[in-house]
Amino acid sequence: MTGVHDRPSLPMFAVDAFPSRVRSERLVARLGSALGIAITVCFLTGLVSHLHQHPVTWLPLPADPVWGYRVTQGVHVALGLATIPLFAVKMWSVYPHLFAWPPSKSLVHGLERLSIGLLAAATGFELITGVFNLAHLYLWSFLFPVAHYAMAWVVVGSVIIHLAIKWPVIVTALRREPVASADAPVDETTVDAEVAAVEGAITRRGLLLAVAGGAAAVTVVTVGQTLRPFGWSGLLAPRSPADLPSGIPINRTASDAGVVSRAEASDYSLTVGGPRGRAFTLADLRALEQMEVELPIACVEGWSATGIWGGVRLRDLLDLCGVDEGATVRTVSLESDGLYASAEVQPAFARHSDTLLALRLGGETLTIDHGYPVRLIAPNRPGVLQTKWVSRVEVL
Ligand SMILES: Nc1nc2c(c(=O)[nH]1)N[C@H]1C(S)=C(S)[C@@H](COP(=O)(O)O)O[C@H]1N2
Ligand SMILES: [Mo]
C-alpha cells in the first residue's frame, strides 16, 4: 500500500500539511463534548417550539409558567448562535482528516467518514438557516420551520452514530493526562507553549479561550433582545424596541399584512363561534369585564418583551357563547393570507385566566401594528401564535 509520503492526494491537503500540535485528540474530544451539549439543548428547546406550533394530543403543553417559551426559545437562539464559533473550531480541528487519502480504509472507516460528513453538513445547515431566518433572509424556497425541524433529526441521528463509533476514542482522549515528554513529565501548557513558540501558532489553552471568548461575544451582542437590562447590547439583534413607545418590537406591520383598511373599518366586529355564537362590535367588547395582564411576546427569533395588555378574557367570551370547556379554538386574522394569519388555541391556553383578546397595550388603545382593533395575547407560547387583527374565533 502507499505510504504517507507517496499519497496521491493534493499536497496542500495531505495529513502532514497540518502539523499543528494544537489539534490533539484531547482538544478535539473536549470541543466535541461542548458541541454535543449545545446540540442537545438546542434540539430539546427546538422540540418544545415545534410542539407549540404543531400540538399533539398525547403531549399537551401547559400554559404555565407564563415565561416558559421566552426562556426555552431565548436559550435556543442564544445557544445556537454561540455554537457557531464552537462548530467552526471543531471543524478546523479535524479538517486535516477530511482530506486523508485513501478516503476509506475499510467499510467501517468509510461509514464513519460518511456519518461525520452528514453530521457536519446537517449541523452547518441548521446554523446557517437559523441565522438567515433571524435576519429575515429567505434565500431558499423551502419553508424554514419545516426544513430546520427535519434536519434537526438528521443532526441527532448522526450525532448518535458518531458517538457510537467514536466512543472508545472519546473516552480515552478525555481521560488522557495532558501530554508529557518521555523523560521529564511536563505540564501540558508548557509543552503546548513551546510547540506554539516554535510554530508561531496558538496554544491549546489559547484556542479554548478564543472559542469561549467568541461564543461569549456572540451571546453578549444578542442576549439584549431577551434580557432587557442588556438591551443596549443587542447589536446583532435584528429587531430593536428602542424606538417604540411600547418597548415591543414589531415583526410584521399592518401595511405589510395588507390589513390597514379592514382593521380601521368602522363596521369592524369580532365573530365568536359556539352554540350561542355571535358578533361583537368594539363597543360590545369594551362593555365586557376588562382585565389587565403582564405577558411577554416571545418571538421564535429569540427576542422577547413584556407588555401590560388590557382587554377581554378569551374564556369569558367563550362562556358567553356557550363553548365547551374542553374545546380547542382558532383565532383568525383579518389578514387573508400569510403564515400567521390564524392560530390554534388549545384548551389549557384558551381557558387560562391570562389569555386575552387584547384591546390595549400599556394602557393605550393598541396601535395598528400591534394588532388593532383586537389581538390575542396568551401565556407561554411563541409570538407566531399571538394572532394580530383578530376577526374570528372559530370553535374546532
Ligand atoms: N395576523 C398576524 N399576526 C401575527 C403575525 C403576523 O404576521 N400576522 N406575526 C406574529 C409574530 S411572528 C410575532 S413575534 C408577534 C409580534 O407581535 P408584535 O408585533 O405586537 O410585537 O405577532 C404575531 N402575530
Ligand atoms: Mo415572531
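Residues numbered from 1 in each chain as written. Chains lettered and ligands numbered in written order. Predicted model: local features only at pLDDT ≥ 70, side-chain atom pairs only at ≥ 80, totals over all residues. Heavy atoms only, no water.

A. The arrangement of the packing of helix α1 (residues 25-53) against helix α4 (residues 144-175) in detail. For the pair α1 and α4, the least separation of the axes is 10 Å and the interaxial angle reads 150°. Comparing their axes, α4 and α1 come out roughly antiparallel. As for the relative orientation of α1 and α4, their crossing is left-handed in sense. On α4, the residues touching Glu25, Arg26, Ala29, Arg30, Ser33, Ile39, Phe43, Leu47 and His50 of α1 are Tyr149, Ala152, Trp153, Val155, Val156, Val159, Val169, Ile170, Ala173 and Leu174. Tallied by class, the residues present in the contact of α1 with α4 amount to 14 nonpolar, two polar and three charged. (Axes fitted to C-alpha atoms, helices over the stretch in contact; angles between N-to-C directions. Helix = DSSP H or I, 4+ residues; strand = E, 2+ residues; numbered from the N terminus. Parallel < 35°, antiparallel > 145°, perpendicular 65-115°, else oblique. Left-handed = near helix turned anticlockwise from the far one by under 90°. Contact = heavy atoms within 4.5 Å. Nonpolar A, V, L, I, M, F, W, Y, C, P; charged D, E, K, R; others polar.)

B. Region of interest: the nonpolar core. Core analysis: the biggest nonpolar cluster contains 30 residues, and Leu270, Leu285, Leu314, Leu318, Leu357, Val374 and Val393 have the highest contact counts within it. Among the elements of the structure, α7 (254-257), β1 (269-272), α9 (282-287), α10 (314-320), α11 (347-350), β7 (356-361) and β10 (390-395) are those that each provide at least two residues to this core. With three residues, the single largest contributor to this core is α10. Setting aside residues up to four positions removed in sequence, leucine 285 forms contacts with Leu270, Phe280, Gln290, Val312, Leu317, Leu359 and Val374. (Core = buried A, V, L, I, M, F, W, Y, C linked by side-chain atoms within 4.5 Å. Buried < 20%, exposed > 50% of the residue type's maximum accessible area, 1.4 Å probe, protein only.)

C. Examining the side chain of arginine 351 more closely. With respect to the helices, strands and loops of the structure, arginine 351 is situated in the loop between α11 and β7. Residue classification places arginine 351 among the buried residues on the basis of a relative accessible area of 14%. Here arginine 351 is in contact with Arg315, Leu318, Asp319, Val323, Asp324 and Glu325, once residues within four sequence places are set aside.

D. Region of interest: the site of ligand 1. Around ligand 1 lies a shell of 20 residues, among which Pro249, Glu335, His370, Arg375 and Lys388 are the nearest. Contacts to ligand 1 include arginine 375, whose side-chain N or O atom sits 2.5 Å from an oxygen atom. One nitrogen or oxygen atom from the main chain of glutamine 386 is found 2.9 Å from a nitrogen atom belonging to ligand 1. For ligand 1, whose accessible area on its own is 540 Å², the fraction buried by protein is 98%. When grouped by side-chain class, the residues that make up the shell around ligand 1 number nine nonpolar, six polar and five charged. (Near = heavy atom within 4 Å. Polar contact = N/O pair within 3.5 Å; in protein donor to acceptor, adjacent residues only side chain to side chain. Areas by Shrake-Rupley, 256 points an atom, 1.4 Å probe, with all protein chains shown as cover.)

E. Structural detail: the packing of aromatic side chains. This structure, assessed with the given rule, holds three aromatic pairs. A centroid spacing of 6.4 Å and a plane angle of 85° characterise the contact between tyrosine 149 and tryptophan 153, whose relative ring orientation is edge-to-face. With tyrosine 149 and tryptophan 153 both in helix α4 and four residues apart, this pair spans about one turn of that helix. Taking the relative accessible area as the measure of exposure, tryptophan 153 reaches 43% and is therefore partly exposed. Members of the aromatic cluster, each reached through a chain of ring pairs, are Phe43, Tyr149 and Trp153. Sitting over the face of the ring of phenylalanine 280, arginine 278 holds its NZ or CZ atom 3.9 Å from the ring centroid. Note that arginine 381 overlies the ring of phenylalanine 349, its terminal NZ or CZ placed 5.5 Å from the centroid. (Phe/Tyr/Trp six-rings, centres within 6.5 Å; stacked < 30°, edge-to-face > 60°. Lys NZ or Arg CZ within 6 Å of the ring centre and 35° of its normal.)

F. View of the pattern of salt bridges. Summed over all chains, the structure comprises six salt bridges. The shortest N-O distance in the salt bridge between glutamate 112 and lysine 166 comes to 2.9 Å. Taken together, the residues span a long stretch of sequence, with glutamate 112 in helix α3 (residues 107-134) and lysine 166 in helix α4 at a distance of 54 residues. The class of glutamate 112 is buried, set by a relative accessible area of 15%. A salt bridge links arginine 252 to glutamate 335; its shortest N-O distance comes to 2.0 Å. Of this pair, arginine 252 sits in the loop between α6 (204-223) and α7 while glutamate 335 sits in the loop between β5 (329-333) and β6 (342-345); the two residues are 83 residues apart in sequence, bridging distant segments of the chain. (Salt bridge = Lys/Arg side-chain N within 4 Å of Asp/Glu carboxyl O.)

G. Structural detail: unusual backbone geometry. Between aspartate 64 and proline 65 the backbone carries a cis peptide bond, its omega angle lying at -5°. When you line up the elements, proline 65 lands in the loop between α1 and α2 (68-98). Note that the residue after tyrosine 372, namely proline 373, is joined by a cis bond; omega there is 5°. Residue placement: proline 373 occurs in the loop between β8 (364-365) and β9 (375-377). Residue asparagine 380 is not a glycine yet carries a positive backbone phi of 45°. For asparagine 380, the position within the fold is in the loop between β9 and β10.

H. The packing of α1 against α2, seen in detail. Two numbers describe how α1 lies on α2: the axes approach to 8 Å, and their chain directions differ by 150°. Helix-helix and strand crossings are classified by hand; for α1 and α2 the assignment is left-handed. The residue inventory of the contact of α1 with α2, partitioned by class, reads 15 nonpolar, 12 polar and one charged.

I. Quick look at the environment of proline 145. Tracing the sequence through the fold places proline 145 in helix α4. Proline 145 gets classed as partly exposed once you look at its relative accessible area, which sits at 37%. Between the C-alpha atoms of proline 145 and histidine 50, which are 95 residues apart in sequence, the distance is 8.3 Å.

J. Region of the structure containing the pairing of strand β3 (residues 291-298). The element β3 is largely enclosed, with a buried count of six among its eight residues. Examined bridge by bridge, β3 and strand β4 (residues 304-313) share eight bridges and lie antiparallel to one another. Counterpart to proline 296 in the pairing with β4 is threonine 306. (Pairing = 2+ DSSP bridges.)

K. Structural context of a nonpolar patch on the surface. A cluster of nonpolar residues, Ile37, Val41, Trp67, Val71 and Val75, forms a patch on the protein surface that exposes about 430 Å² of accessible area. Relative to the assigned elements, tryptophan 67 resides in the loop between α1 and α2. (Patch = residues over 30% accessible without salt bridge, like charges linked within 9 Å, V, L, I, M, F, W, Y side chains within 5 Å.)

As far as function goes, none of this settles anything; it's purely spatial.
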